[in-house]
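Report on the structure
These are the residues of each chain, in order.
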Amino acid sequence: MNNFSCPEYASQLSQALTSADWSQVTQLGQILQNAITENRALYICGNGGSAGNAQHLANDFLYGVSPKKAKSLRVEALSANCSVLTCLGNDLGYQHIFSRQIDVKGNVGDVLIVLSGSGNSANIVEAILAAKQKQMITVGILGYKGGKAKELVDLPIHFAIDDMQISEDLQLIVGHMLMRMLCDEGAC
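Residues numbered from 1 in each chain as written. Predicted model: local features only at pLDDT ≥ 70, side-chain atom pairs only at ≥ 80, totals over all residues. Heavy atoms only, no water.

**Topic: helix α6 (residues 122–133)**
An ideal rise of 1.5 Å per residue puts 16 Å on 12 residues; α6 measures up with 17 Å between its terminal C-alpha atoms. Taken together, the buried positions of α6 are occupied by N123, I124, V125, A127, I128, A130 and A131. As for α6, its buried residues are in contact with β1 (41–46), α5 (99–105), β3 (111–116), β4 (137–142) and α7 (147–152). In the stretch just after α6, Q135 is the one whose phi turns positive, near 60°. (Helix = DSSP H or I, 4+ residues; strand = E, 2+ residues; numbered from the N terminus. Expected span 1.5 Å × (residues − 1). Buried < 20%, exposed > 50% of the residue type's maximum accessible area, 1.4 Å probe, protein only. Contact = heavy atoms within 4.5 Å.)

Here it is in structure tokens:
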């Protein structure tokens, strides 16, 4: 094994959690509660592990916020359909795999959450720009310096940690907090 240390990793994650400003997560909880009330759609996207997190959170927001009732978010992970992704990547270019879906599906008042370590991936930036054109609410759950996404989104939830795995851990933690928040608001 290399120089990896479980306690050091746990300490870095713990430090990121204890030093975070959680007020933006509370704001996002209110945005998502309004989306439920107004029957708005939520779209989530990311690359690699963040794409997997987008799919995980789409499940949590569809079912987890309301397992006993059918009052939850209309949500879609834009990374979930490999036929759409490969078609758009091949025909339009990888930078448009999310933005084209937003162009077709997005409506005024819908919500886009981007999950990104760097905040600089071209397809993430293009998705934000497409959502802004549609007058959607844009949110980023971001690591590192937050990149271009941090400057573009309406609500950045930024963890200044230079570690991709911890950044991805934090995406799920925020998502699970939101799921609990929405459930506590009466959706359950």
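**Section: the sheet that holds strand β5 (residues 155–158)**
Taking strand neighbours across the sheet as the criterion, the 5 strands line up as β2-β1-β3-β4-β5 in an open arrangement whose pairing is parallel. The outermost strands of the open sheet, each flanked by one partner alone, are β2 (74–77) and β5. In this sheet, adjacent strand axes meet at a mean angle of 15° when their direction is disregarded. Sheet analysis places β3 next to β4, joined by 6 bridges and oriented parallel. (Pairing = 2+ DSSP bridges. Axes fitted to C-alpha atoms, helices over the stretch in contact; angles between N-to-C directions.)

**A look at the pattern of salt bridges**
Evaluated as defined, the whole model comprises 3 salt bridges. A salt bridge links K105 to E76, with the nearest nitrogen and oxygen atoms 2.5 Å apart. Placement of the pair is K105 in helix α5 and E76 in strand β2, with a sequence separation of 29 residues. Here K132 ties to D154 by a salt bridge, and the two come within 2.7 Å at their closest N and O atoms. On the criterion of sequence distance, the pair formed by K132 in helix α6 and D154 in the loop between α7 and β5 is long-range, its members being 22 residues apart. (Salt bridge = Lys/Arg side-chain N within 4 Å of Asp/Glu carboxyl O.)

**Observations regarding the nonpolar core**
Counting residues in each nonpolar core, the largest one holds 33 residues, and the members touching the most others are L28, L32, L42, I44, F61, L73 and I113. The contact partners of I113, leaving out residues within four places of it in the chain, are L28, L42, Y43, I44, C45, V139 and I141. In terms of nonpolar packing, the next biggest core, distinct from the first, is built from 20 residues, C45, L88, I124 and M136 among them. (Core = buried A, V, L, I, M, F, W, Y, C linked by side-chain atoms within 4.5 Å.)

**Quick look at the layout of surface pockets**
Of the volumes computed, that of the largest pocket is approximately 200 Å³. Every residue lining the largest pocket is listed: A16, S19, A20, D21, Q24, K150, P156, I157, H158, F159, A160 and I161. Those elements that provide at least two residues to the lining of the largest pocket are α1 (6–19) and β5. With 3 residues, β5 is the largest single contributor of residues to the lining of the largest pocket. Among the residues making up the lining of the largest pocket, the classes are represented as 7 nonpolar, 3 polar and 2 charged. (1 Å grid on protein atoms, 1.4 Å probe; cavity = no way out; pocket = protein on both sides within 12 Å on 5 of 7 lines; lining within 4 Å. Points joined across faces, edges and corners; volume = space filled by probe spheres on them. Nonpolar A, V, L, I, M, F, W, Y, C, P; charged D, E, K, R; others polar.)

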